Amino acid sequence: MSRKIEKTDAEWRAQLSPTQYQIARQKGTERAFTGEYWDFWENGEYRCSCCGAPLFDSEHKFDAGCGWPSFWTAAAPENVDEAEDRSHLMHRTEVLCRQCGAHLGHVFEDGPPPTGLRYCINSASIRFDPQRSSEGED
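These notes cover the structure that comes with them. If you're wondering where the values come from, they're calculated on a predicted model, not measured in any experiment. (Residues numbered from 1 in each chain as written. Predicted model: local features only at pLDDT ≥ 70, side-chain atom pairs only at ≥ 80, totals over all residues. Heavy atoms only, no water.)

1. Examining the environment of Ala 83
Reasoning step 1: Along the chain, Ala 83 turns up in strand β5 (residues 80-85).
Reasoning step 2: Here Ala 83 falls in the partly exposed class, since its relative accessible area comes to 24%.
Reasoning step 3: As a C-alpha pair, Ala 83 and Ala 10 span 73 residues in sequence and 25 Å in three-dimensional space.
Reasoning step 4: Setting aside its immediate chain neighbours within four residues, Ala 83 contacts Arg 92, Thr 93, Glu 94 and Leu 96. (Helix = DSSP H or I, 4+ residues; strand = E, 2+ residues; numbered from the N terminus. Buried < 20%, exposed > 50% of the residue type's maximum accessible area, 1.4 Å probe, protein only. Contact = heavy atoms within 4.5 Å.)

2. Let's talk about empty space enclosed by the protein
Reasoning step 1: Within the structure shown, the criterion is met by one cavity of 30 Å³ or more.
Reasoning step 2: Considering only enclosed or pocket space, the largest cavity measures out at about 40 Å³ in volume.
Reasoning step 3: Around the largest cavity, the lining residues are Trp 38, Trp 41, Phe 62, Asp 63, Ala 64, Gly 65, Cys 66, Gly 67 and Trp 68.
Reasoning step 4: Of the residues assigned to the lining of the largest cavity, the class counts are six nonpolar, two polar and one charged. (1 Å grid on protein atoms, 1.4 Å probe; cavity = no way out; pocket = protein on both sides within 12 Å on 5 of 7 lines; lining within 4 Å. Points joined across faces, edges and corners; volume = space filled by probe spheres on them. Nonpolar A, V, L, I, M, F, W, Y, C, P; charged D, E, K, R; others polar.)

3. Remarks on the pattern of salt bridges
Reasoning step 1: Taken as a whole and judged by the stated rule, the model has six salt bridges.
Reasoning step 2: Lys 27 is paired through a salt bridge with Glu 94; the nearest N and O atoms lie 2.8 Å apart. Separated by 67 residues along the polypeptide, Lys 27 in the loop between α2 (18-25) and β1 (45-48) and Glu 94 in strand β6 (residues 92-97) bring together distant segments of the chain.
Reasoning step 3: Residue Lys 27 is classed as partly exposed on the basis of its relative accessible area of 47%.
Reasoning step 4: Notably, a salt bridge pairs Asp 81 with Arg 98, separated by 2.7 Å at the nearest N-O pair. You can see Asp 81 sitting in strand β5 and its partner Arg 98 sitting in the loop between β6 and β7 (103-108), a full 17 residues away along the chain.
Reasoning step 5: Here the salt bridges share partners, and the residues they tie into one network are Glu 45, Arg 47 and Asp 129. (Salt bridge = Lys/Arg side-chain N within 4 Å of Asp/Glu carboxyl O.)

4. A look at the environment of Gln 15
Reasoning step 1: Looking at the secondary structure, you find Gln 15 in helix α1 (residues 9-15).
Reasoning step 2: For Gln 15, a relative accessible area of 34% translates into the label partly exposed.
Reasoning step 3: Measuring from C-alpha to C-alpha, the distance between Gln 15 and Ser 49 comes to 9.9 Å, with 34 residues separating the pair along the chain.
Reasoning step 4: In this view, Gln 15 contacts Lys 7, Ser 49 and Cys 50; residues no more than four positions away in its chain are not counted.

5. A look at the sheet that holds strand β9 (residues 126-129)
Reasoning step 1: In space, the three strands of this open sheet follow the order β2-β1-β9, with antiparallel pairing throughout. Two strands in the sheet have a free side with no partner beyond their single neighbour: β2 (54-57) and β9. Between one strand axis and the next, the sheet turns through 35° on average, direction left out of account. (Pairing = 2+ DSSP bridges. Axes fitted to C-alpha atoms, helices over the stretch in contact; angles between N-to-C directions.)

6. Remarks on the sheet that holds strand β4 (residues 70-71)
Reasoning step 1: A sheet is described by the order of its strands in space; here six strands give the open sequence β3-β4-β8-β7-β6-β5, paired in antiparallel fashion. Both outer strands of the open sheet, β3 (61-62) and β5, are each paired with one neighbouring strand and no more.
Reasoning step 2: Note: β7 against strand β8 (residues 118-121), four bridges, orientation antiparallel. Paired with Phe 108 across the bridge in β8 is Arg 118.

This is how it looks when you write it as structure tokens:
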């Protein structure tokens, strides 16, 4: 699949913190209850930490009790891709940034209405923007 933003490994390493690089570019996972946004409830928008693409909105965030930021929908579905993930002897659906291919986390079918989905996202893969919201004005 083609990406709008293509960078070399060295360019990503120079741009991102070691944790962001390990999670977003190498498909890592932060430990539960350790990320910056798992218990963060301010209003705003969550963007890709690699390229800044809008992904999730605080209005769609909920406490799933899992230790990661959880959303019942993507605020900008056109910026989110899904891929099959069979790593760690599990079968899951990986969530990726469509703009740059960053690993965001996984989506599960155990979320609240109206979608029944739980986008379980690594804090290191997103950054919070309090000035913007998909529901508000630009």
